[in-house]
Amino acid sequence: MRYPTPFWIARAQAAEGSQVWDPDEEELKRDPDVLAAFAALKGSRAIRLQCAPDVRVENRAGIEGNEVVLKESLVSPGLPSGARFLGGVDLPRLVEIAGEHSQVPDLFAAYNRICPPVDLGNFLGTLSALLAKGILRNLHH
């Protein structure tokens, strides 16, 4: 950190926490809404994902190395401070490309081409959580 005073340390910690949507992963794995979203994805022949109207991507302060920088973050009523990652998945990138693919495997492959690759379990868990929390909607029934 360039200026390790209590003022800047507090701001760095606040910004760092806002970059990661950090619900308890074990709790998410048992969340009935997340499990239902996952089951719906598994049973779906096709997807047509759309971001909820109150979700947006905004630049928010974040930590990169020892610097406070502006980074794209996903912001919604449920994430007023914004979040950049869940399960290692880049949330702004995922919601940006989610509507471009009609199959989950195609969306997963596209995501891994433009971002550091993640494993399928983390990807599906994150996608299910976004659907369960109303951040993404699947318009294909």
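Details of the structure are given in the entry above.
Residues numbered from 1 in each chain as written. Predicted model: local features only at pLDDT ≥ 70, side-chain atom pairs only at ≥ 80, totals over all residues. Heavy atoms only, no water.

*Asks:* Run through the overall build of the protein chain, naming residues and quoting values.
*Replies:* Secondary structure assignment for the protein chain yields 6 helices and 7 strands. For the protein chain, the N- to C-terminal ordering of α and β elements is α-α-α-β-β-β-β-β-β-α-α-α-β. Across the 141 residues in the protein chain, those meeting the buried criterion constitute 38%. Once local pairs closer than 6 in sequence are excluded, the contacts in the protein chain between residues at least 24 apart make up 55%. Accessible area for the protein chain stands at about 8200 Å²; split by element, carbon and sulfur atoms hold 54% of it. (Helix = DSSP H or I, 4+ residues; strand = E, 2+ residues; numbered from the N terminus. Buried < 20%, exposed > 50% of the residue type's maximum accessible area, 1.4 Å probe, protein only. Contact = heavy atoms within 4.5 Å. Areas by Shrake-Rupley, 256 points an atom, 1.4 Å probe, with all protein chains shown as cover.)

*Asks:* Which residues make up the nonpolar core, and what are the values?
*Replies:* By size, the foremost hydrophobic cluster in this structure holds 33 residues, and its most contacted members are Phe-123 and Leu-127. Of all the elements in the fold, those that place two or more residues in this core are helix H3 (32–43), strand S4 (79–83), helix H4 (91–97), helix H5 (104–114) and helix H6 (120–132). The element contributing the most residues to this core is H6, with 6 residues. Setting aside residues up to four positions removed in sequence, Phe-123 forms contacts with Val-89, Leu-94, Val-104, Leu-107, Phe-108, Tyr-111 and Val-118. (Core = buried A, V, L, I, M, F, W, Y, C linked by side-chain atoms within 4.5 Å.)

*Asks:* Explain the packing of aromatic side chains to me, using residue names and the numbers behind them.
*Replies:* Enumeration over the complete set of coordinates arrives at 2 aromatic pairs. Consider the rings of Tyr-111 and Phe-123, whose centres lie 5.8 Å apart with planes at 45°: the pair is tilted. Of the two residues, Tyr-111 sits in helix H5 while Phe-123 sits in helix H6, which places them 12 residues apart along the sequence. Here Phe-123 falls in the buried class, since its relative accessible area comes to 0%. In textbook terms, an aromatic cluster arises when at least three aromatic residues are bridged by ring pairs, as seen for Phe-108, Tyr-111 and Phe-123. (Phe/Tyr/Trp six-rings, centres within 6.5 Å; stacked < 30°, edge-to-face > 60°.)

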